[in-house]
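Here are the chains, one letter per residue:
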Amino acid sequence: MEFRRRHNSYFAMLNAFASHDPVGIVTANDIEVRSWLGIADRDVLRQLPSFSVVLLDITAWRRMILEPYQRLGPGIYMVGVVIDNGVIGAMDKSKPVIRMVRNKKDRLDRSN
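If you're wondering where the values come from, they're calculated on a predicted model, not measured in any experiment.

Caption draft 1: Structural view of the packing of aromatic side chains. Enumeration according to the criterion identifies one aromatic pair in this entry. For the cation-ring pair, Arg4 lies above Phe11, with the distance from its terminal atom to the ring centre recorded as 4.0 Å. Here Arg4 stacks its cationic end above the ring of Tyr69, 4.8 Å away from the centre of that ring.

Below is the structure:
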């Protein structure tokens, strides 16, 4: 599993394991940067004692290296959870959990 996110002028890669690379959390006003702690299934994440659900600054994902990227368009975000100072990506079996947000402007400045 591999995820792409914009980082300055290039795309940074995030893998399924905890790499502690920076990942953005999309808020109403800005993007906060936290540490990437990998991915986990949503059933496992529900068993955590305390967490908060967030939208992640992920623009595309793919399962295998030879597959093309599945791009997330404007208003479509990957869901994650924040625990302590890190972020875990939420998965539903073999696909990331996706949420659509209906706004006039995309929070990641992606065009329609």
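Caption draft 2: Focus on the nonpolar core. Among the nonpolar cores identified, the biggest contains 14 residues, and Phe3, Leu56, Ile58 and Met78 are the most heavily contacted of them. Put simply, the parts of the chain that give this core at least two residues each are strand 3 (22-26), strand 5 (52-56), strand 8 (76-83) and strand 9 (86-92). The residues contacting Phe3, other than those within four sequence positions of it, are Ala12, Met13, Leu14, Asn15, Trp36, Ile39, Ile58, Ala60, Trp61, Met78, Met91 and Pro96.

Caption draft 3: Representation of the pattern of salt bridges within the structure. Across all of its chains, the model carries six salt bridges by this definition. Put simply, Arg5 and Asp57 hold a salt bridge, and the shortest N to O gap is 3.2 Å. On the criterion of sequence distance, the pair formed by Arg5 in strand 1 (residues 2-7) and Asp57 in the loop between strand 5 and strand 6 (60-62) is long-range, its members being 52 residues apart. Per residue, the accessibility class of Arg5 equals that of Asp57, and both read buried. Of the charged contacts, one joins Arg42 and Asp92 as a salt bridge, the two residues approaching to 4.0 Å between their closest N and O atoms. With Arg42 in helix 1 (residues 42-45) and Asp92 in strand 9, the pair connects residues that are 50 residues apart, well separated along the chain. Taking the relative accessible area as the measure of exposure, Arg42 reaches 28% and is therefore partly exposed.

Definitions and cut-offs
- Residues numbered from 1 in each chain as written.
- Predicted model: local features only at pLDDT ≥ 70, side-chain atom pairs only at ≥ 80, totals over all residues.
- Heavy atoms only, no water.
- Phe/Tyr/Trp six-rings, centres within 6.5 Å; stacked < 30°, edge-to-face > 60°.
- Lys NZ or Arg CZ within 6 Å of the ring centre and 35° of its normal.
- Core = buried A, V, L, I, M, F, W, Y, C linked by side-chain atoms within 4.5 Å.
- Buried < 20%, exposed > 50% of the residue type's maximum accessible area, 1.4 Å probe, protein only.
- Helix = DSSP H or I, 4+ residues; strand = E, 2+ residues; numbered from the N terminus.
- Contact = heavy atoms within 4.5 Å.
- Salt bridge = Lys/Arg side-chain N within 4 Å of Asp/Glu carboxyl O.

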